[in-house]
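Letter by letter, the chains look like this.
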Amino acid sequence: MPRPAKGARLGGGPSHERLLLSGLATALFEHGRITTTEAKARRLRPVAEKLITKAKRGDLHARRQVLTVIRDKGVVHTLFEEIGPRYENRPGGYTRITKIGNRKGDNAPMAVIELVEALTVAQTAVGEAEAATKRSVKEQAAKADETKVDTKKADAEDADVEEAPEAAADDADKVDTEK
């Protein structure tokens, strides 16, 4: 069962808050960034991120779920055709909140909430290169461990080989003394 958020609601009642967040999300997806109060930005962030995650799925059911929140079909189309695919390789964190000071009229703390840029091709390549470097370092460490184990085994075998001729010579001496 959903639990209501603590503290006062943004619009007074639950339905008004839901509509207020819906309007803010519509404006965010339409313009890419909006200026609002910090409280509204903090409440908008999880709503917007869930909608973007549904847009990444891209199926009909997800589109219908988003249409229950965002009523503007043009914005939903933009969300599914441009914004969702842009964040395809990103696991989360699609929005950024930046505090910009207080509003002049009522001294309310203001913030800008914006969609972060998707990873560019160069950033993706750099991430893949770093991952490949980490993998190669791990592989080299594993090979070094194997060579250490192999050298220990080889040293042990060399010691056995060195002892073997002496043992053979001792056996030969025993045979000579017995005759």
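Details of the structure are given in the entry above.
Residues numbered from 1 in each chain as written. Predicted model: local features only at pLDDT ≥ 70, side-chain atom pairs only at ≥ 80, totals over all residues. Heavy atoms only, no water.

(A) Representation of the overall build of the protein in the model. Broken down by element type, the protein carries five helices and three strands. The N-to-C order of helical and strand elements in the protein reads α-β-α-α-α-β-β-α. Sequence-distant contacts, at least 24 apart, represent 55% of the contacts inside the protein between residues at least 6 apart. With the model as given, the accessible surface of the protein reaches about 12,700 Å², and the carbon-plus-sulfur share is 54%. (Helix = DSSP H or I, 4+ residues; strand = E, 2+ residues; numbered from the N terminus. Contact = heavy atoms within 4.5 Å. Areas by Shrake-Rupley, 256 points an atom, 1.4 Å probe, with all protein chains shown as cover.)

(B) Fine view of the packing of aromatic side chains. On inspection of all chains with the given rule, the structure shows one aromatic pair. Look at Tyr-87 and Tyr-94: their rings are 5.2 Å apart centre to centre, the planes differ by 50 degrees, and that puts the pair in the tilted class. Taken as a pair, Tyr-87 and Tyr-94 share a single burial class, namely buried. Its guanidinium or amino end placed over the ring of Phe-80, Arg-63 lies 4.5 Å from that ring's centre, counting from NZ or CZ. (Phe/Tyr/Trp six-rings, centres within 6.5 Å; stacked < 30°, edge-to-face > 60°. Buried < 20%, exposed > 50% of the residue type's maximum accessible area, 1.4 Å probe, protein only. Lys NZ or Arg CZ within 6 Å of the ring centre and 35° of its normal.)

(C) Structural detail: the packing of helix 1 (residues 14–31) against helix 4 (residues 73–86). One way to put it is that helix 1 packs onto helix 4 with a least axis distance of 9 Å and a crossing angle of 50 degrees. What the angle tells us is that helix 1 and helix 4 run oblique. For the pair helix 1 and helix 4, the crossing hand works out as left-handed. Along its contact with helix 1, which presents Thr-26, Phe-29 and Glu-30, the element helix 4 presents Val-75, Leu-79 and Ile-83. For the contact of helix 1 with helix 4, the class distribution of residues is four nonpolar, one polar and one charged. (Axes fitted to C-alpha atoms, helices over the stretch in contact; angles between N-to-C directions. Parallel < 35°, antiparallel > 145°, perpendicular 65-115°, else oblique. Left-handed = near helix turned anticlockwise from the far one by under 90°. Nonpolar A, V, L, I, M, F, W, Y, C, P; charged D, E, K, R; others polar.)

(D) Quick look at the pattern of salt bridges. As enumerated under the stated definition, the model contains nine salt bridges in all. The salt bridge involving Arg-63 is made with Glu-81; its shortest N-O contact spans 3.4 Å. Of this pair, Arg-63 sits in helix 3 (residues 60–69) while Glu-81 sits in helix 4, placing them 18 residues apart in sequence. Judged by relative accessible area, Arg-63 falls into the partly exposed class, the value being 23%. (Salt bridge = Lys/Arg side-chain N within 4 Å of Asp/Glu carboxyl O.)

(E) The sheet that holds strand 1 (residues 33–37), seen in detail. The strand order across the open sheet formed by three strands is 1-3-2, and the pairing between neighbours is antiparallel. Lying at the two open borders of the sheet, with one neighbouring strand each, are strand 1 and strand 2 (95–102). Between one strand axis and the next, the sheet turns by 25 degrees as a mean value, whatever way the strands run. Running at roughly 145 degrees to strand 1, helix 1 makes contact with strand 1, strand 2 and strand 3 (109–115) of the sheet. Together, strand 1, strand 2 and strand 3 form the strand contacts of helix 2 (residues 38–57), whose direction differs from that of strand 2 by roughly 170 degrees. (Pairing = 2+ DSSP bridges.)

(F) Spatial organisation of the packing of helix 2 against helix 4. Between helix 2 and helix 4, the shortest axis-to-axis distance is 8 Å and the interhelical angle comes to 95 degrees. Considering their axes alone, helix 2 and helix 4 lie roughly perpendicular with respect to each other. Each of Leu-51, Ile-52, Lys-54, Ala-55 and Lys-56 in helix 2 lies in contact with helix 4, whose residues at this interface are Leu-79, Phe-80, Ile-83 and Gly-84. Classifying every residue of the contact of helix 2 with helix 4 by side-chain character gives six nonpolar, one polar and two charged.

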